Amino acid sequence: MRGRTGVALCARVAVAVAIATAVAAGQGQGVGDRIPRTREGKPDLTGTWQAINTANWDIQDHPARRGPVLELGAAFSVPAGAGVVEGNDIPYQPWALKQKQENAKNWTALDPEVKCYLPGIPRATYQPYPFQIVQTPTDILMAYEFANASRVIYMSSRAESPSEFWMGWSRGRWEGDTLVVDVTGFTDKTWFDRAGNFHSNELHVVERYTPTSRYHLSYEATIEDPKVFTRPWKMRMPLYRRMEPRVRPLEYICVEFVEELMYGHLKRK
Amino acid sequence: MSQHGGRSVMTSVVGAVFLTVPIMAHGQSSTATVERSTSRTTASAQASATKTSPAKRAAPRATMKTPWGEPDLQGIWSYATLTPLERPKAVGDREFFTDEEMQKQQAALSVDRPPRKGDPGTYNRFWFDQGRAPSRRTSQIIDPPDGRLPALTPRGQAIVARRNAWRADGYRPADWLELQTDDRCIMYHGVPPQPSGYNNTYQIFQAPGLVAILDENIHHVRLIHTDGRPHIGKNISQWNGDSVGRWEGDTLVVQTTNYHPQTELRFPQQLEGFENAVAVERFRRVDATTIDYRFTVDAPDVFTRPFTAVLPLAATEGPLFEYACHEGNHSMIGILRGARLLDQEAAKSQK
């Protein structure tokens, strides 16, 4: 009896080891980490994603500092953060650097996020809210929780932007496993962060979404704007798949939270 | 202008006093919206829109199944219609219009009438999206069988009476909370939708287990999961509710609950009182250019019984444009400033 059990146990262990070895050899990271793919063989980006960083506070390196509302103290002050800008410096033209500094000084009065305006690209990507990608071969929907913002990425159209849009005009293509999105047609009314980093309506963003595992995307945005910067520059960050079983972006129609701020002076006294 | 209910009253009163008030509360919609309306209205503009737009790509595909075997609802769809929600009383109990009535209806579409005296007017017919696929139905409502909304509950009556009284009082909002959700750029067409003068357009996207509907109107996205997940917790209310779906044969059945206490649905005017409502929508692709869309709304706080309506979705060309509403809501400032001026005048005349 005893001998037979021992043999059976050995056999099971051997099978388990064999499977583990095969998985490790085949996938490098294990079955669970394999990049999901569509029927056409492209990476399947459909899912709920979110950045985990402080870029929405300031895309550049920044120390911790007190927040703008005295009563909120430590609860709503600004955390320190390593920036997401390659090399940390943003190549502003001299006038634009002054404008950025003015913007920073008057942050709460001027930041379009405070007024619940559509956040633009790339800021929508790294605001502290989830966003949903719904991928199809021809059009990709990106739906952001903040301000109920959304955009469609046209995979089969090269048409130029017919107008200016808060969320821009997005045309996509695949380069290997990378989704490359060319975004133009912006307004001059959105910002990059709460630190006053800004652009003009000649902003041109090239985004690159590259899956590095089932759970991660590498996100890179090249920023070009001849009116504001002296040369193109890049920001880069990982995006994380939200893993809660029933996760979905919820409604954050923030208009109702800014009406007192924007229209309070016109109420009946 | 049935779609705009009390708004013509507002524009005539406020507009006369405060000349910079936009013509309509929906004047806030962006230039892109205007371009869109144009492209739907004239053949030449359509041709140029086709040239520059990804329309052809996004048009509904002839194949009726997705590669993973679910019915394919994808594409760009219009829910504009000439069919009134409720059957006009003059039609009696007839379910369909006669040929002659249909012709009259079509002819009326091209006639512009000048605004009433003192009314600054609104867009002319050229700008309005009136629906592409004329239905002969005399009402969207097919149940109750008389084609009319069910009787209001006492609370429903109170909601309507309060709104009517406030309008009769000269439409002078004390603040934004007295305005409608569309004036505030929070929500308009709703779930289930009722069309208005423009932006009656959906784009539907599908992935396995998920149907997403982008409503051009105030850029609202519905993420409808068909993976069997339950609704969000009962303490989470949303302006457009929470939708979950399932496939019944070829039909996508979507149940929506969790409405916000101030959600306004357009049955027929913008009413609130839907926080306990349950809507069930059914989408069935019948051919390359049509989705049979119907919905049942059970709103026990407002109506004494559920009702069911039919609102076919017709394939249309794209793309959808960004409806940046709140971002350009100069109307809100104009309306409130106008109301304060009226307050001042009223105070003066009392002295």
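None of these values were measured; they are calculated from a predicted model. (Residues numbered from 1 in each chain as written. Chains lettered and ligands numbered in written order. Predicted model: local features only at pLDDT ≥ 70, side-chain atom pairs only at ≥ 80, totals over all residues.)

1. Let's talk about the overall build of chain B
Counted only if it meets this: Helix and strand assignments follow DSSP, with helices taken as H or I runs no shorter than four residues and strands as E runs no shorter than two, numbered in order from the N terminus. Around each residue's C-beta, the other C-beta atoms within 10 Å are counted; 20 or more make the residue buried, 12 or fewer make it exposed, and counts in between make it partly exposed. All C-beta atoms are placed from the backbone. By definition, residues are in contact whenever their C-beta atoms, placed on the basis of the backbone, come within 7 Å of each other.
Helix and strand counts for chain B come out as 7 helices and 13 strands. The buried share of chain B, reckoned over its 351 residues, is 42%. Considering only intrachain contacts with a sequence separation of at least 6, the fraction spanning at least 24 residues in chain B is 67%.

2. A few points about the overall build of chain A
Scanning chain A from N- to C-terminus turns up 5 helices and 9 strands. Taken across its 269 residues, chain A has 35% of its residues classed as buried. Here the analysis covers contacts within chain A between residues at least 6 apart in sequence; of these, 58% occur between residues at least 24 apart.

3. Remarks on the nonpolar core
Convention followed: For the purposes of this analysis, a nonpolar core is taken to be any set of buried Ala, Val, Leu, Ile, Met, Phe, Trp, Tyr and Cys residues that are connected through C-beta atoms within 7 Å.
Leu141, Met142 and Ala143 of chain A together with Ala212 of chain B are the most contacted members of the largest nonpolar core, which totals 102 residues. In terms of residue count, the dominant contributor to this core is strand β3 (residues 139–144) of chain A (5 residues). Leaving out residues up to four positions away in the same chain, Ala212 of chain B has contacts with Val134, Leu141 and Ala143 of chain A together with Phe205, Val221, Arg222 and Leu223 of chain B. Counting residues in each nonpolar core, the second largest holds 6 residues, with Leu179, Met332, Leu336 and Ala339 of chain B among its members.

4. Structural notes on the environment of Arg172 of chain B
Tracing the chain through its elements places Arg172 of chain B in the loop between α6 (154–168) and β3 (201–207). For Arg172 of chain B, the residues in contact, after removing those within four places along its chain, are Ala339, Leu342 and Asp343 of chain B.

5. Thoughts on the interface of chain A and chain B
Worth spelling out the cut-off: Throughout, the ten residues Ala, Val, Leu, Ile, Met, Phe, Trp, Tyr, Cys and Pro are labelled nonpolar, Asp, Glu, Lys and Arg are labelled charged, and all others, Gly among them, are labelled polar.
Counting residues at the interface gives 39 residues for chain A and 45 residues for chain B. Looking at the side of chain A that touches chain B, the elements that each hand over two or more residues are β2 (131–135), β3, β4 (150–154) and α5 (255–263) of chain A. Take the side of chain A that touches chain B: its biggest share by element is 4 residues, from α5 of chain A. Its residues placed into classes, the side of chain A that touches chain B shows 20 nonpolar, 10 polar and 9 charged.

6. Details of the sheet that holds strand β5 (residues 169–175) of chain A
Residues and elements named next belong to chain A. Here is the rule we go by: Paired strands, in this sense, are two strands between which DSSP finds at least two bridges. Note on method: axes are straight lines fitted to C-alpha atoms, helices fitted across the in-contact stretch only, with angles between N-to-C directions ranging 0 to 180 degrees.
Strand order around the closed barrel formed by 9 strands is β1-β2-β3-β4-β5-β6-β7-β8-β9, with mixed pairing between neighbours. Neighbour to neighbour, the strand axes of the sheet diverge by 30° on average, direction disregarded. In this sheet, β3 lies alongside β2 in antiparallel orientation, the contact comprising 5 bridges. When the sheet's bridge partners are listed, Gln132 is paired in β3 with Ala143.

7. So, the confidence of the model for chain A
Short version of the rule: Scored from 0 to 100, pLDDT records how confident the predictor is in each individual residue.
Looking at chain A, pLDDT values average 91 and 88% of them are 70 or higher. Under a pLDDT of 50 for its full length, residues 1–29 of chain A has, in the predicted model, 6 contacts with residues more than four places off or in other chains.

8. Observations concerning the pairing of strand β9 (residues 233–241) of chain A
All names here are of chain A. As paired elements, strand β1 (residues 47–50) and β9 share 2 bridges and run antiparallel to each other. Bridging from a neighbouring strand, Trp49 pairs with Arg241 of β9. Here 8 bridges tie strand β8 (residues 216–224) to β9, and the two strands are oriented antiparallel to one another. If you follow Thr222 over to β9, its bridge partner there is Lys234.

9. Observations concerning unusual backbone geometry
Residue and element names in this part refer to chain B. Here Asp143 and Pro144 are connected by a cis peptide whose omega angle stands at 5°. Tracing the backbone through its elements, the reader meets Pro144 in the loop between β2 (141–143) and α6. You will see that Ile218, though not glycine, has its phi angle at about 50°, which is positive. Ile218 gets classed as buried once you count the C-beta atoms within 10 Å, which come to 23. The phi torsion at His219 lies on the positive side, around 40°, for a residue other than glycine. Take His219: it is sitting in the loop between β4 (210–215) and β5 (220–225).

10. Digging into the pairing of β8 of chain A
Within a regular strand, the side chains alternate between the two sheet faces. Residue and element names in this part refer to chain A. Residues Leu217, Tyr219, Ala221 and Ile223 line the buried face of β8, whereas the alternating positions His216, Ser218, Glu220, Thr222 and Glu224 sit on a face that is not buried. Where strand β7 (residues 204–213) and β8 come together, 9 bridges link them in antiparallel fashion. In the sheet register, Arg208 faces β8, and the bridge partner there is Glu220. Between β7 and β8, which pair antiparallel and follow one another directly, the connecting turn spans 2 residues.

11. A word on the environment of Ile186 of chain B
Topologically, Ile186 of chain B is positioned in the loop between α6 and β3. In the structure, Ile186 of chain B is positioned 117 residues away from Phe303 of chain B in sequence and 24 Å away in space, judged by C-alpha atoms. Discounting residues that sit within four places of it in the chain, Ile186 of chain B has contacts with Ile253, Val255 and Glu256 of chain A together with Thr181 and Trp239 of chain B.

12. A closer look at the confidence of the model for chain B
All names here are of chain B. Residues of chain B with pLDDT of at least 70 account for 81%, and the chain-wide mean is 82. Per-residue pLDDT stays below 50 along residues 1–59; that stretch engages in 119 contacts with residues further than four places along the chain or on separate chains. The ipTM value of the predicted complex is 0.88, and its pTM value is 0.85.

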